[in-house]
Amino acid sequence: MIFMNQGACLVDSMGWVSDGMGICFPGQTSLAFLSGQQQSANYKETLANHLLPFSETLGGTDWTFQHDNASIPTSKSTSWKPVFLLNACVLTVCILFNIFIPKVGTIIRYCGAVSGLAFVFTLPCITYMKALHEKKQLTAYNAAIHIFIMILGVCNFISQFLMHAK
């Protein structure tokens, strides 16, 4: 595995150093020697202890990861199985919704109303009012307008429950 950033590199033990890890860049660093069989947790700890302290010297945190299919980065902690299990659960929930609520428009209407209430009406207003409050620039007029916008979002949400499908 190699991490590269503007001429700096981090090479693991699968390459040129036996049971060790080298960090190279214009300058000097210590060589980290790994003992025994490395598991994913040990490997992550080694990267955290030996790469991150030099990240500022090496040119920031904008690193490119080049995977070499070594056993450590492809271990169970970075496995595809949890992702597959999550996707299977999401797919199962979607199928069950389709079986028990065949009118998908109803689900979309409710999801849209909840999302609109949160992401369009409420959160932007609260965030903006909090920022104004911290700057001590929040006026009663600004607060009233933003509270009115949030009330419109609540009315939109409630109206979804009052609609009847034909």
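Just so we're clear, the structure is a prediction, and the values are computed from it rather than from any experiment.

### What to know about the overall build of the protein
When you go through the protein residue by residue, the secondary structure sums to five helices and five strands. Ordered by position from N to C terminus, the α and β elements of the protein give β-β-β-β-α-α-β-α-α-α. Here the protein holds 166 residues, and 26% of them are scored as buried. Accessible surface, the protein as shown: approximately 11900 Å² in total, 67% of it carbon and sulfur.

### Notes on the packing of aromatic side chains
The geometry of two aromatic rings is summed up by the distance between their centres and the angle between their planes. Counted according to the given criterion, the structure contains two aromatic pairs. Centre to centre, the rings of Y110 and F161 are 4.9 Å apart; their planes meet at 20°, and the pair counts as stacked. Linking Y110 in helix 4 (residues 104-134) with F161 in helix 5 (residues 140-162), this pair joins segments that are 51 residues apart in sequence. Residue class for Y110 comes out partly exposed when judged on its relative accessible area of 29%. Relative accessible area serves as the criterion here: at 45%, F161 is assigned to the partly exposed category. Plain terms: the ring middles of F157 and F161 are 5.2 Å apart, the flat faces sit at 80° to each other, and that makes the pair edge-to-face. Taken as a pair, F157 and F161 lie in helix 5 at a separation of four residues, close to a single helical turn. According to the relative accessible area criterion, F157 is partly exposed, its value standing at 24%. For the cation-ring pair, R109 lies above Y110, with the distance from its terminal atom to the ring centre recorded as 5.1 Å.

### Comments concerning a nonpolar patch on the surface
Together, L91, V93, I95, L96, F97, I99, F100 and I101 line one region of the surface with nonpolar side chains, adding up to about 780 Å² of accessible area. Counting through the fold element by element, I95 comes out in helix 3 (residues 81-100).

### Overview of the pattern of salt bridges
For the coordinates displayed, the defined rule picks out one salt bridge. A salt bridge links E134 to K130, with the nearest nitrogen and oxygen atoms 2.9 Å apart. Placement of the pair is E134 and K130 together in helix 4, with a separation of four residues, close to one helical turn. Of the two residues, E134 and K130, both sit in the exposed class.

### A closer look at the UniProt feature "transmembrane region" (unreviewed entry) in the protein
Listed under "transmembrane region" (unreviewed entry) in the UniProt record, and renumbered for this structure, are residues 83-101, 107-129 and 141-163. The span residues 83-101 is 95% helical and 0% strand by assignment, and the distance between its end C-alpha atoms comes to 27 Å. Overall, residues 107-129 shows 100% helix and 0% strand. The separation of its end C-alpha atoms is 32 Å.

### Brief notes about the side chain of H146
Among the secondary structure elements, H146 is positioned in helix 5. Residue H146 is classed as buried on the basis of its relative accessible area of 13%. Non-local contacts of H146, meaning those with residues more than four positions away in its chain, are made with C125, Y128 and M129.

### Some points on unusual backbone geometry
Note on backbone geometry: most residues besides glycine have negative phi, and most peptide bonds are trans. For K136, which is not glycine, the phi dihedral falls at a positive 60°. Take K136: it is sitting in the loop between helix 4 and helix 5. Here K136 falls in the exposed class, since its relative accessible area comes to 76%.

Quick notes on the rules
Residues numbered from 1 in each chain as written. Predicted model: local features only at pLDDT ≥ 70, side-chain atom pairs only at ≥ 80, totals over all residues. Heavy atoms only, no water. Helix = DSSP H or I, 4+ residues; strand = E, 2+ residues; numbered from the N terminus. Buried < 20%, exposed > 50% of the residue type's maximum accessible area, 1.4 Å probe, protein only. Areas by Shrake-Rupley, 256 points an atom, 1.4 Å probe, with all protein chains shown as cover. Phe/Tyr/Trp six-rings, centres within 6.5 Å; stacked < 30°, edge-to-face > 60°. Lys NZ or Arg CZ within 6 Å of the ring centre and 35° of its normal. Patch = residues over 30% accessible without salt bridge, like charges linked within 9 Å, V, L, I, M, F, W, Y side chains within 5 Å. Salt bridge = Lys/Arg side-chain N within 4 Å of Asp/Glu carboxyl O. UniProt positions renumbered as here; feature names shortened; annotations may be inferred. Contact = heavy atoms within 4.5 Å.

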